[in-house]
Amino acid sequence: MPKINGNEIRPGNVLEHNGGLWAAVKVDHVKPGKGGAFAQVEMRNLRNGSKLNERFRSADKVERVRLEQKDQQFLYETDGKLVFMDMETYEQIELPADILGERRPFLQDGMTVVVEYYESEALNATLPQKVVCKIVETEPVVKGQTAANSFKPALLDNGVRVMVPPFVGPDEDIVVNTETMEYAERA
């Protein structure tokens, strides 16, 4: 595995540190008045989800890990586990339901998800960036509210609340960005 300098760490990089696999969440480069510059890195453990703040000087060497990404199809949920199938080998794997965090409601039957593997261990799952959802209920449009670009709350068929523009009504399909969990466009 390639070693990189402490000042080359970027958000999203996966590092091997203290015997664990960590994803860099936030990286701040700090240049104090006295002493050398360093990178203040906020990391999340990929196996248990714990967080860690660590300082790396530019002279420090860190092991960067490459994760293998595979497309997997979501089949069903059972006992708090999500079951996915490999599109090429048709073998099935189970991942804990909390691996998706707050994006879990956007997972739909048959959806293709990118699962990241380290050797043969599944560590992370990423939803498609845009998902189509149906609006169950939303407030009626208030006429004359056009001074500022105003949004109104809407409840989706998966139970998530998002803010939508005034022209969108109930029973309409919209596209939601799963990274920001915001309205993107009409479907």
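These figures come from a predicted structure and were not determined experimentally. (Residues numbered from 1 in each chain as written. Predicted model: local features only at pLDDT ≥ 70, side-chain atom pairs only at ≥ 80, totals over all residues. Heavy atoms only, no water.)

1. Observations regarding the UniProt feature "domain: Translation elongation factor P/YeiP central" (unreviewed entry) in the chain
As recorded in UniProt, the sites labelled "domain: Translation elongation factor P/YeiP central" (unreviewed entry) are residues 69–123. The span residues 69–123 is 0% helical and 56% strand by assignment, and the distance between its end C-alpha atoms comes to 10 Å. (UniProt positions renumbered as here; feature names shortened; annotations may be inferred. Helix = DSSP H or I, 4+ residues; strand = E, 2+ residues; numbered from the N terminus.)

2. Considerations on the domain arrangement of the chain
Split by domain assignment, the chain resolves into domain 1 (3–65), domain 2 (68–126) and domain 3 (130–186). Centre-to-centre, using C-alpha coordinates, domain 2 lies 28 Å away from domain 3. With six residues of domain 2 in contact, the opposing surface of domain 3 contributes 10 residues. The largest share of the area that domain 2 buries against domain 3 comes from R103, P105 and F106, three residues that together contribute 75% of it. Applying the counting rule to domain 2 against domain 3 returns zero salt bridges. Taken together, the connections running from domain 2 to domain 3 amount to four residue pairs in polar contact (both at pLDDT 80 or more). (Domains from an automatic or database assignment. Contact = heavy atoms within 4.5 Å. Buried area = accessible area lost by both parts, 1.4 Å probe. Salt bridge = Lys/Arg side-chain N within 4 Å of Asp/Glu carboxyl O. Polar contact = N/O pair within 3.5 Å; in protein donor to acceptor, adjacent residues only side chain to side chain.)

3. Examining the confidence of the model for the chain
Reading predicted coordinates in detail is not appropriate for stretches of low pLDDT. On average, residues of the chain carry a pLDDT of 87, and 97% of them reach 70 or more. Mean pLDDT in the chain bottoms out at strand β11 (residues 121–126), which sits at 84, and peaks at strand β15 (residues 173–177), which reaches 93. (pLDDT = per-residue confidence, 0-100.)

4. What about the side chain of Q72?
Assignment of secondary structure puts Q72 in strand β7 (residues 68–78). Engagement of the side chain of Q72 in a polar contact is seen with the side chain of Y117, the distance being 3.5 Å. Not counting the four nearest positions on each side in its chain, Q72 is found in contact with F84, M85, D86, M87, I93, M111, T112, V113, V115 and Y117.

5. Regarding the nonpolar core
Ranked by internal contacts, the top residues of the largest apolar core, which has 28 residues, are F84, L107, L156, V164 and I174. Elements with a minimum of two residues in this core: β8 (81–86), β9 (92–96), β10 (112–118), β12 (130–138), β13 (152–156), β14 (161–164) and β15. When residues are assigned to domains, this core turns out to be shared by domain 2 (68–126) and domain 3 (130–186), each giving three or more. Within the second largest apolar cluster, 11 residues are counted, among which are I9, A24, V41 and M43. (Core = buried A, V, L, I, M, F, W, Y, C linked by side-chain atoms within 4.5 Å. Buried < 20%, exposed > 50% of the residue type's maximum accessible area, 1.4 Å probe, protein only.)

6. What to know about the sheet that holds β11
The sheet built from five strands is open, its strands ordered β9-β8-β7-β10-β11 with antiparallel pairing. Single-partner strands in this sheet number two, and they are β9 and β11. The sheet shows a mean angle of 45° between the axes of neighbouring strands, taken without regard to direction. Sheet topology note: the β7/β8 ladder contains six bridges and is antiparallel. Note that in β8 the partner of F74 across the bridge is F84. (Pairing = 2+ DSSP bridges. Axes fitted to C-alpha atoms, helices over the stretch in contact; angles between N-to-C directions.)

7. Regarding the environment of Y117
Turning to its location among the elements, Y117 is positioned in strand β10. On the basis of relative accessibility, which here comes to 8%, the residue Y117 falls in the buried class. Taking the C-alpha atoms as reference points, Y117 and K70, 47 residues apart in sequence, are found 7.7 Å from one another.

8. Some remarks on the packing of aromatic side chains
In this structure the tally under the stated criterion is one aromatic pair. One Lys or Arg, K70, reaches over the ring of Y117 and ends 5.1 Å from the middle of that ring. (Phe/Tyr/Trp six-rings, centres within 6.5 Å; stacked < 30°, edge-to-face > 60°. Lys NZ or Arg CZ within 6 Å of the ring centre and 35° of its normal.)

9. As for the sheet that holds strand β16 (residues 182–186)
Across the sheet, five strands lie side by side as β14-β13-β12-β15-β16; this open sheet has antiparallel pairing. The open sheet is flanked by β14 and β16, the only strands paired with a single partner. Across the sheet, the axes of successive neighbouring strands diverge by a mean angle of 55°, strand direction being ignored. Pairing of β12 with β15 involves five bridges; the strand directions are antiparallel. For K130, the partnering residue across the bridge sits in β15 and is N177.

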